[in-house]
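The primary structure of each chain is shown beneath.
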Amino acid sequence: ILISLCGGLMLVAGFLGYLFAGRAMIPITRAFKKLREFTADASHELRAPLTVMKASVEVVQEHEDLLPPFHREALRTAKAEVGRMAELVDHLLTLARSDAGMIELQREKVDAVQLVQESTRTMRAAASMNGVSVQVHDAPAGNAEALTAEASLIADRKRIKQLMIILIDNAIKYNVPGGTVELNVRADGNLVAIAVKDSGIGIAAEDLPNIFDRFYRADKSRDRSQGGTGLGLSIAQWIVSAHGGSMTVESELGVGSTFTVQLPTSA
Ligand code: ADP
């Protein structure tokens, strides 16, 4: 009798727990949804005034020779900070929209080698400003056609380019003058692997597990001087997962880092 009584009580307790937990979950889910919508709306609303501010600063900058040196300097700082804020708002908007499931991938046939080369070209100016050289290693001579055929993805071209730019940008930013960035594309069965290897400052072992977290930056003081938002790798991670792929990182302080993305060739 005692056993069946205990069993009955547990059943009732379980049912009540289910009921209350279930009820509590609804407002929490709703609150999270509202928070995500708020972040997306706020980021969106912040974009317009930032665009106006940027344009205004640029207009004044066109006549900066009329300004005293102190004001010129202030103008440059304002421009850099407006640019940083615009990047932050863009990154926040992307993450808020992806959290809310508001971004749909626009899949099409994408040639991975070509896309990597295109992304590299976009980043050439930034690389030379930092004294860093960027190279793409694809297939050995004679094999280029075979690789192009094997390394074609059914993916969102814009998002994969965004992913590549985040990784190349980091490989340049966290590099040393005279350093290198090497990109390697490999087709491996039904996967395409893209590696971004740099000869930069590297990442300490204790920071490695956290670098994909939002706003995490390995060495705060060092990274501030390099700009950045601390959201790039979170966006990169989202793009990779949305495509059903994976990303790994290997790094050694003072030697460099390699980020490798693996993407399935079909959706
Ligand atoms: P950030 O805007 O700061 O670059 P990310 O999310 O892209 O933000 O990167 C998070 C942190 O990971 C960076 O602040 C930096 O400390 C570290 N990191 C990312 N990529 C590299 C790299 N290639 N070499 C060294 N450190 C890196």
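About the thresholds
- Every residue gets a number counted from 1 within its own chain, in the order that chain's sequence is written.
- Restriction of local features to residues with pLDDT of at least 70 applies here, the model being predicted, together with a cutoff of 80 or more for giving and counting side-chain atom pairs; totals for whole chains, interfaces and linings are based on all residues.
- Side-chain metrics rest on all non-hydrogen atoms present in the structure, leaving aside hydrogens and water.
- UniProt positions are given in the numbering used here, feature names are shortened, and annotations may be inferred rather than shown by experiment.
- A helix here means a DSSP run of H or I that spans at least four residues, while a strand means a run of E at least two residues long, and both kinds are numbered starting from the N terminus.
- Buried means the residue's accessible area, taken with a 1.4 Å probe over protein chains only, is under 20% of the maximum for its type, while exposed means over 50%, and partly exposed covers the values in between.
- Here a residue-residue contact requires only that any non-hydrogen atoms of the pair lie within 4.5 Å.
- Surface accessibility follows the Shrake-Rupley procedure with a 1.4 Å probe radius. Residue values consider only the protein chains on display as shielding.
- Salt bridge, as used here: a side-chain nitrogen of Lys or Arg that lies within 4 Å of a carboxyl oxygen of Asp or Glu.
- Paired rings are identified among Phe, Tyr and Trp, the last through its six-membered ring, by centres lying within 6.5 Å, and are further divided according to the angle between planes into stacked (under 30 degrees), edge-to-face (over 60) and tilted (the rest).
- Only when DSSP finds a minimum of two bridges between them are two strands counted as paired.
- For helices, the fitted axis covers only the stretch in contact; all axes are lines through C-alpha atoms, and the angles between them, taken along N-to-C directions, range from 0 to 180 degrees.
- Patch definition: residues above 30% relative accessible area lacking any salt bridge, with like charges linked at up to 9 Å and the nonpolar side chains Val, Leu, Ile, Met, Phe, Trp and Tyr linked at up to 5 Å.

The name that an unreviewed UniProt entry assigns to the protein chain is histidine kinase, with the source organism given as Cohnella yongneupensis. The UniProt entry for the protein chain carries this comment under Catalytic activity (unreviewed entry): "ATP + protein L-histidine = ADP + protein N-phospho-L-histidine."

Caption draft 1: Local environment of the overall build of the protein chain. Check the secondary structure of the protein chain and you find seven helices and seven strands. Buried residues in the protein chain amount to 34% of all 267 residues. Considering only contacts within the protein chain whose residues lie at least 6 apart along the sequence, 72% involve residues at least 24 apart. Total accessible area on the protein chain stands at roughly 15,700 Å², and carbon and sulfur atoms take up 61% of it.

Caption draft 2: Main features of the pattern of salt bridges. Taken as a whole and judged by the stated rule, the model has 11 salt bridges. When the shortest N-O distance is used, the salt bridge between D99 and R214 registers 3.0 Å. Of this pair, D99 sits in helix α2 (residues 69-99) while R214 is found in the loop between β5 (191-198) and α6 (220-224), placing the two residues 115 residues apart along the sequence. Across the pair K161 and E118 runs a salt bridge whose closest N-O atoms are separated by 3.4 Å. On the criterion of sequence distance, the pair formed by K161 in helix α5 (residues 157-173) and E118 in helix α3 (residues 112-129) is long-range, its members being 43 residues apart. Here E118 falls in the partly exposed class, since its relative accessible area comes to 24%. In this structure, a network of salt bridges that share partners links the residues E64, E73 and R76.

Caption draft 3: Region of the structure containing the packing of aromatic side chains. What the rule picks out here adds up to one aromatic pair. Judged by centre distance (6.4 Å) and plane angle (75°), the rings of F212 and F259 are edge-to-face. One end of the pair, F212, is in the loop between β5 and α6; the other, F259, is in strand β7 (residues 256-264), with 47 residues separating them in the sequence.

Caption draft 4: Spotlight on the pairing of strand β4 (residues 180-188). Judged by which residues are buried, β4 turns out to be one-sided: V181, L183, V185 and A187 face inward and are buried, whereas T180, E182, N184, R186 and D188, on the alternate face, are not. With eight bridges joining them, β4 and β5 adopt antiparallel strand pairing. Within the sheet, the bridge partner assigned to N184 lies in β5 and is A195. Where β4 hands over to β5, the hairpin turn is made up of two residues, of which G189 adopts a positive phi near 65°.

Caption draft 5: Geometry of the side chain of S43. Relative to the elements of secondary structure, S43 occurs in helix α1 (residues 2-61). Discounting chain neighbours no more than four positions away, the residues touching S43 are V89, L92 and L93.

Caption draft 6: Just the environment of L208, in detail. Note on placement: L208 falls in the loop between β5 and α6. Placed 43 residues apart in sequence, L208 and S251 show a C-alpha to C-alpha distance of 8.0 Å. When neighbours within four sequence positions are excluded, L208 is seen to be in contact with I203, V249 and S251.

Caption draft 7: Geometry of the sheet that holds β4. Sheet architecture is open: five strands sit in the order β2-β4-β5-β7-β6, paired in mixed fashion. Both outer strands of the open sheet, β2 (133-137) and β6 (246-252), are each paired with one neighbouring strand and no more. Neighbour-to-neighbour, the strand axes of the sheet open up by a mean angle of 15°, direction not taken into account. One ladder, built from eight bridges, connects β5 with β7; its direction is antiparallel. Considered in β7, the bridge of A193 is made with Q262. Packed on one face of the sheet, α3 meets β2, β4 and β5 and runs near 175° to β2. α5 contacts β2, β4, β5, β6 and β7 of the sheet and is inclined by roughly 25° relative to β5.

Caption draft 8: Representation of a nonpolar patch on the surface in the model. On the surface, M25, I28, F32 and L35 cluster together to form a nonpolar patch covering roughly 410 Å² of accessible area. In this fold, I28 is placed in helix α1.

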